[in-house]
Amino acid sequence: MTMAAELPKENFRLSMLIFDTRYRSYTIQAVVLGLFILLIVWLGYNVDRNLDERGKELSISFLWQRAGYDIPQTLIPYTNDNVHFRALLVGLTNTLAVAFCGCILATILGVVIGVLRLSNNWLVSRLMTVYVEVFRNVPLLLWVLLSYVILTETMPAPRDFRVTDEMAAAGEAPAAAMSFFDTVAVTNRGTNVPSPLLERGFGSVDLGFVSVNLTFLAIVLVIAGSVYSYRRLKSHARTVQESTGVRPVTWWKSLLILFAPIIALMIALGLHWEVPVLKGFNFQGGILVAHAFTALLLALTLYTAAFIAEIVRGGIQAISRGQTEAAFALGLRPNRTMSLVVLPQALRVIIPPLISQFLNLTKNTSLGVAISYSDLSGTLGGITRNQTGREIECVFLMMAIYLSISLTISMVMNWYNRSVQLKAR
Amino acid sequence: MTISYTRTDMLPAMAPPVSQRGLVKWLRENMLSTRLNVALTVLATAFIAFVAWNIFPWFWNSVWNAGSLAECRAIVAASAGEGASGACWAFLKPWWGAFIFGHQYPVSDRWRPVLAFGLLFVALAPILFAGQRRNLTIIFSVVAAYLLLTLYLASAPGLAFALAMLLVAGLVAVSQVQPERLLWFTLLYPALCFWLLWGGSIWSPIVAMAGFGVLYAIFRFASPVIGFAPAAGAGVVAAVLWWLFADAPLAGTLQEMIPVDLLRVPSDKFGGFLLAIVIGVTGITFSLPIGILLALGRQSDMPIVKMLCVIFIETIRGVPLITLLFVAAFVLGFFLPPEADFDLLLRVLILVTFFAAAYLAEVLRGSLAALPRGQYEAADALGLDYWRAQRLIILPQALKISIPAIVSSFIGLFKDTTLVVIVALYEPLKGITHLVRQDVNWKGIYWEPYIFVGVIFFLFCFGMSRYSKYLELKLKTDHR
């Protein structure tokens, strides 16, 4: 019991830094840190010399100079008189737009394919296996390029939509027609979709440093209110079910609460759709969605869905057969078994790899640069870098922004993951 | 009472009803079991019929010999009738070389990449099929046949032809006598491959490899005296000194004394699948050791080492590969000495290796964490030091359970090699295809080149994933 006291009291010798495992880790860390600092100093010295040679210095003041280039598709107001920082923001919003839509669409498609792959229908499950293998084993860039080329080269030119007087007289149809009840026109220049217009907006209030769009605020408030009431309704139904054993009928109340207020608001605001129409050589009105956006979104969705399908399949297969059998033994019907027993458990297996697929999709939006989509790497890493000649600043700023997007997504999704994981004590 | 007839033997069992056997039963169970299933079957059949209806004639009417797209269309119209669609693969004939080697790689030297590619499998064989003489023989004979054919087609000079055949024959002999010695060829292969692809004097790769010899010799003699880690450090320092000071003059002198060299091909002349394979194989080879070190560093209990590894891994995993390629193309030059001459491909290779290593480290971290704690404790109890414990106990198990994930990250890396087109390297998918589509003769072609490149990538990636399944089964030691 007196082992500790009997340890020989050695005096510290320098050789112990190498031969004594208690101290060796300090030596190694000191050496590593020293080498690391040396590396940093060496890199910094090289940067300094290189910059001197080219007569440059590091500064990010170029962000507040006039950009002077146009961006085909912008989600926030932008002209070429705006500064580079504004162009950066345009690129960032474009990146986020593709990533957001892509994550939602890829999840839906991926879940459908993953479930169909497990279907006991031989033909369907084989078909889905072919889909997954084909899309997973071919570079994403191929899907991006192929969808872009098909959209830009096989779609009709705007003039093919024209109905001339002679054609009308002869009763001939034009070479191309608009789809979705004459509201959407897919041309070789882009996709023309109707744009929502409000007759009576609420205007906006200027708070000095930022202007608040009241219409937007009203829409957000109404939706938030609906969702809150819907959740109240659900929790009330659950309380009633738990105390009486009978669940009150809620479906028509849910529909009413979720959709009536927003429809009423839209009527009050005077919502109507501006449909694109052919005028002269091009379509006027509506919104022109660039093919680069559509192609990138399509390719990212199809490619990532193949990976998500595998994750979903793996997650469902990971739940032991006994769980389903136990649920059947309790008298649950197949769809209730799926929603109450299998899915909640499968979700725990599915979510962590799903997070990394979302991250991959977000990072892969940078492939848009191959089809001149104006995302972050197209504006900041492309034209701004080229025009200002500030390679180091632009590239590192771009990396920092991507890094913070990635970290934010993984933080949010990990928080969600923690909320669905099994709470083990 | 007379019994008119009594059966004395058992009747053979009657066949089940038609609905319960054969194809009908299978169809009823697998395609038509429920109403939903019937609907799905009908939908899937309609889809397959639609696709086949549209694609089959297109493939059937393929044209392989024509001078231009217009000529192709004319041939299709003449043979299959006006308005028929047909694929035009004739572009492959003039552009085949560009797709495989890049449009700038010297035509007279195309036998070099061909030879290097064949020898790659010879070098990989001892690792892929360790100790399996039968598989080794199969691989070697396939490679020998491949080399005979392709070297002839690429009109290689007779001397190269003879040397290559001699080399393969020698290796076959070694594989029959002492298969484990084949690893030496694997170790020497990087230098040989570098010399074949980039050309120049043969002495530079030989002297550079000698640096590793210096490292090993010093490590071997010093490790009994001063221990494992300090000896390794001393070896590394000596090797670096060798490369910094002894390398260039020695190679120059040797070249003057015995000149052996090939036509030098600068990196910017590389293209096509040659480029994709060079980037993919280099990234895979070098990322493995770096990834292992990073994963071990991240598991280590030394806070500074751990922190540096975490920052490196998470930064690289958090940004898209394209930004790293931007770094390679525009920024890395600033961080290297002004007099250093790193060409674009080399800079891209460095960044791609870092990228792959970070992903690999994350994969390995998972497997290291998945190993039972008892394995670490058992290694400690046996009195193994850190590196021996890792090498003999931990890593063999960790690498084994992470094989599927490692292979899928390699597949990802190989697919990602196409992104180098962003920094103006001529990879096959966009670089070369773009050239084809700009060619006056082939303007307006799009399905065929993309399908061609896609099929080749598919074959590589699908092959790798199948191999990983095989390896997983082969290395499985638990009995379930």
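This section reports on the structure supplied with the text. Just so you know, these numbers come straight off a predicted model, no measurement behind them.

Reading the values: the criteria
- Residues numbered from 1 in each chain as written.
- Chains lettered and ligands numbered in written order.
- Predicted model: local features only at pLDDT ≥ 70, side-chain atom pairs only at ≥ 80, totals over all residues.
- Heavy atoms only, no water.
- Core = buried A, V, L, I, M, F, W, Y, C linked by side-chain atoms within 4.5 Å.
- Buried < 20%, exposed > 50% of the residue type's maximum accessible area, 1.4 Å probe, protein only.
- Helix = DSSP H or I, 4+ residues; strand = E, 2+ residues; numbered from the N terminus.
- Disulfide = S-S within 2.5 Å.
- Polar contact = N/O pair within 3.5 Å; in protein donor to acceptor, adjacent residues only side chain to side chain.
- Contact = heavy atoms within 4.5 Å.
- Buried area = accessible area lost by both parts, 1.4 Å probe.
- Salt bridge = Lys/Arg side-chain N within 4 Å of Asp/Glu carboxyl O.

A general trend in soluble globular proteins is that nonpolar side chains are found buried together. Within the largest apolar cluster, 204 residues are counted, with the highest numbers of intra-cluster contacts made by Phe 91, Phe 99, Phe 270, Val 348 and Trp 442 of chain B. With 16 residues, the top contributor of residues to this core is helix α10 (residues 291-318) of chain A.

For the rest of this paragraph, the subject is the state of the cysteines. All names here are of chain B. All chains considered together, the criterion is met by one disulfide over all chains. Here Cys 72 connects covalently by a disulfide to Cys 88, the sulfurs 2.0 Å from one another. Its S-S torsion of about 65 degrees marks the bond between Cys 72 and Cys 88 as right-handed, since a negative value means left-handed. Of this pair, Cys 72 sits in helix α3 (residues 69-80) while Cys 88 sits in the loop between α3 and α4 (92-101); the two residues are 16 residues apart in sequence, bridging distant segments of the chain. The two residues Cys 72 and Cys 88 agree in class, both being buried.

In this section: the side chain of Arg 437 of chain B. Considering the arrangement of structural elements, one finds Arg 437 of chain B in helix α18 (residues 428-438). Within the structure, the side chain of Arg 437 of chain B is placed 3.1 Å from the side chain of Glu 153 of chain A, a separation counted as a polar contact. Apart from the residues lying within four places of it in its own chain, the contact partners of Arg 437 of chain B are Val 149 and Glu 153 of chain A together with Trp 442, Lys 443, Ile 445, Tyr 446 and Tyr 450 of chain B.

Looking now at the interface of chain B and chain A. Listed as interface residues are 58 residues of chain B and, on the opposing side, 60 residues of chain A. Approximately 5200 Å² of surface area, both sides summed, lies buried where chain B meets chain A, with 75% of it carried by carbon and sulfur atoms. The three residues of chain B that bury the most area against chain A are Phe 334, Phe 335 and Lys 415 of chain B, which together make up 15% of that side's buried surface. Our count for the contact surface shared by chain B and chain A stands at one salt bridge. A salt bridge links Glu 153 of chain A to Arg 437 of chain B; its shortest N-O distance comes to 3.1 Å. Seen at the junction of chain B and chain A, the total is 16 residue pairs in polar contact (both at pLDDT 80 or more). Only α1 (22-30), α2 (35-60), α12 (303-318), α13 (321-335), α17 (403-416), α18 and α19 (447-475) of chain B provide two or more residues apiece to the side of chain B that touches chain A. Ranked by the residues each element gives to the side of chain B that touches chain A, the list is headed by α13 of chain B, at ten residues.

Structurally, the position occupied by Phe 334 of chain B is in helix α13. Assessed through its relative accessible area of 2%, Phe 334 of chain B is described here as buried. In the structure, Phe 334 of chain B is positioned 220 residues away from Val 114 of chain B in sequence and 36 Å away in space, judged by C-alpha atoms. The contacts of Phe 334 of chain B, once residues within four sequence positions are left out, are Asn 46, Val 47, Asn 50, Leu 51, Arg 54, Lys 56, Glu 391 and Ile 392 of chain A.

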